[in-house]
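# Structural overview for review
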Amino acid sequence: MLELFRKHEKENAKEYAYRVIKNNILILNLKPGHLINETELANSLNLSRTPIREIIMKLKAEKLIQVKPQVGTFVSPIDLNLIKEALFMRYTLEKEVLKEACINFKEENLLEMEKNLYMQKMLLNKKDALLEFHELDNEFHKLLFQGVNKGNVWEAISTISTHYKRIRIIEQKENNNYAVVDHHEAYIDIIKNKESNKIEELIHKHLKSPESKWYKIIEKNSEIQEYVINYNSQE
């Protein structure tokens, strides 16, 4: 059954439906290989089939849904090759953005990052806050990129990061987010103190180190293995 979420302020019905379906895929409520039924989705979200079909096409463009002619429409498997590409892009660009932030960063963005971090800390011991924390996490990094006028770069990263987000949510289910919060605190300290010499180590810990955890989760969980493709090509 589709899990519904609180509707955001000013979010129209189609935007809400898109977010609900996408989030259900990200949290594995709609599992890889799940057959998408347009009528069921339309009924659950009180929409006609036309906007549902448009949403499905958008999710197909984001590689979260596969349309197999004469067969059906399915939730895509988790593709490790797509994850690696997104991680490469994020790792390379975020490092440069943080270097720019040490030179010149918008004060209002720094304040928003600190507020965001406070809310992350409030969620650390809260049950069933996985998706809420994940959204705050993404917003934190979006604020970083916007703080050096690179908001469009963040949007480009987000566009190719749908599979990366899926594996991160799986990993966050297995582990707590204390390390993530510590890293975010270090991001803010680096910007405030202009400590560009600490960027390389922090970016590696925050973005590259979790990669080994993903593989361990896949190795020990036969169900997750069934959801993942291109696993044997991992280095």
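This text gives an overview of the structure that appears in the document. (Residues numbered from 1 in each chain as written. Predicted model: local features only at pLDDT ≥ 70, side-chain atom pairs only at ≥ 80, totals over all residues. Heavy atoms only, no water.)

### Quick word on empty space enclosed by the protein
The full count for this structure, using the stated rule, is one cavity of 30 Å³ or more. In this structure, the largest cavity encloses a volume near 40 Å³. Around the largest cavity, the lining residues are Arg90, Asn138, Trp154, Ile157, Ser158, Ser161, Tyr164, Lys165 and Arg168. Among the elements of the structure, helix 7 (151-159) and helix 8 (162-174) are those that each provide at least two residues to the lining of the largest cavity. For the lining of the largest cavity, a count of residues per class yields three nonpolar, three polar and three charged. (1 Å grid on protein atoms, 1.4 Å probe; cavity = no way out; pocket = protein on both sides within 12 Å on 5 of 7 lines; lining within 4 Å. Points joined across faces, edges and corners; volume = space filled by probe spheres on them. Helix = DSSP H or I, 4+ residues; strand = E, 2+ residues; numbered from the N terminus. Nonpolar A, V, L, I, M, F, W, Y, C, P; charged D, E, K, R; others polar.)

### Quick word on the packing of helix 9 (residues 178-193) against helix 10 (residues 199-208)
Here helix 9 crosses helix 10 at 155°, and the two axes come no closer than 10 Å. Of the possible angle classes, the one that applies to helix 9 and helix 10 is roughly antiparallel. Handedness of the crossing formed by helix 9 with helix 10: left-handed. The segment helix 9 lies against helix 10, with Val180, His183, His184, Ala186, Tyr187 and Ile190 engaging Ile199, Leu202, Ile203, Lys205 and His206. Tallied by class, the residues present in the contact of helix 9 with helix 10 amount to seven nonpolar, three polar and one charged. (Axes fitted to C-alpha atoms, helices over the stretch in contact; angles between N-to-C directions. Parallel < 35°, antiparallel > 145°, perpendicular 65-115°, else oblique. Left-handed = near helix turned anticlockwise from the far one by under 90°. Contact = heavy atoms within 4.5 Å.)

### A few points about the layout of surface pockets
Within this model, the largest pocket holds a volume of roughly 660 Å³. Tyr18, Arg19, Lys22, Asn138 and Lys165 are the residues nearest the centre of the largest pocket, which is lined by 22 residues in total. For the lining of the largest pocket, the secondary-structure elements that each account for two or more residues are helix 1 (13-26), helix 6 (130-146), helix 7 and helix 8. Here the residues of the lining of the largest pocket are counted per class, giving four nonpolar, seven polar and 11 charged. The space that makes up the second largest pocket amounts to roughly 440 Å³. Residue lining of the second largest pocket: 15 residues in total, with Phe5, Asp128, Leu131, Glu132 and Glu135 positioned closest to the centre. Elements represented by at least two residues in the lining of the second largest pocket include exactly helix 1 and helix 6. The greatest single-element share of the lining of the second largest pocket, amounting to five residues, is contributed by helix 6.

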